[in-house]
Amino acid sequence: MNILHLRSNSDTLGIIASSLCLAHCLATPFLFLAHAGSSVFQDGYSVWWKSLDIIFLGLSFIAIYQSTKTTTNTRTKYAFWSTWLLLLFIILNEKLSILPLPEEVIYVVSIVLVGLHFYNKKYCRCKGEKCCIN
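Notes on the structure in this doc start here. (Residues numbered from 1 in each chain as written. Predicted model: local features only at pLDDT ≥ 70, side-chain atom pairs only at ≥ 80, totals over all residues. Heavy atoms only, no water.)

1. Points about the packing of aromatic side chains
Enumeration over the complete set of coordinates arrives at four aromatic pairs. Pairing Phe-61 with Tyr-65 gives two aromatic rings, centres 6.3 Å apart and planes at 10°, and the pair type is stacked. Of this pair, Phe-61 and Tyr-65 both sit in helix H3 (residues 39–70), four residues apart, which is roughly one turn of that helix. The partly exposed category is assigned to Phe-61, whose relative accessible area is 36%. (Phe/Tyr/Trp six-rings, centres within 6.5 Å; stacked < 30°, edge-to-face > 60°. Helix = DSSP H or I, 4+ residues; strand = E, 2+ residues; numbered from the N terminus. Buried < 20%, exposed > 50% of the residue type's maximum accessible area, 1.4 Å probe, protein only.)

Spelled out as structure tokens, the structure:
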């Protein structure tokens, strides 16, 4: 994959990754409920299904890293990283059961990431070869 192509499409990658993460989070309770009695689901699906959290987190990191390299808005850069760190905390908290958090928190964070990528794609992109990061 060409690194210039990734830089120019990092917000698209972020939108897709965050949207898939949101869909994954929304679908999980329903899938576990639908297959509550199935031992096949509990042993097989849960391992790969739960690992999707980490995959989406990694894709989000790559997208945010590339987007913040070319954004023209410093506030957007900080918003990206603070939202990603919050997402990391929520996912680690879910895996380690550190604090009792409502399930809806991850939905809000995923939606914020999608919104940030849309905003950055529309308003904060560099136009030329050199980026004018503020």
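From this point, the discussion proceeds with the structure in view.
2. So, unusual backbone geometry
Positioned with a positive phi, Ser-97 is a non-glycine residue whose angle comes to about 55°. Overall, Ser-97 belongs to the exposed group, its relative accessible area being 60%.

3. With respect to helix H4 (residues 74–96)
Taking 1.5 Å per residue as the helical rise, H4 with its 23 residues ought to reach 33 Å, and the 33 Å between its terminal C-alpha atoms agrees with that figure. Capping the start of H4, Asn-73 holds a side-chain oxygen 2.9 Å from the backbone nitrogen of Arg-75, two or three residues further along. Following H4 by one or two positions, Ser-97 adopts a phi angle in the positive range, close to 55°. (Expected span 1.5 Å × (residues − 1). Polar contact = N/O pair within 3.5 Å; in protein donor to acceptor, adjacent residues only side chain to side chain.)

4. Re the side chain of Thr-68
Positionally, Thr-68 belongs in helix H3. Judged by its relative accessible area of 7%, Thr-68 falls in the buried class. Separated by 3.4 Å, the side chains of Thr-68 and Trp-81 make a polar contact.

Nothing here speaks to function; it is all geometry.
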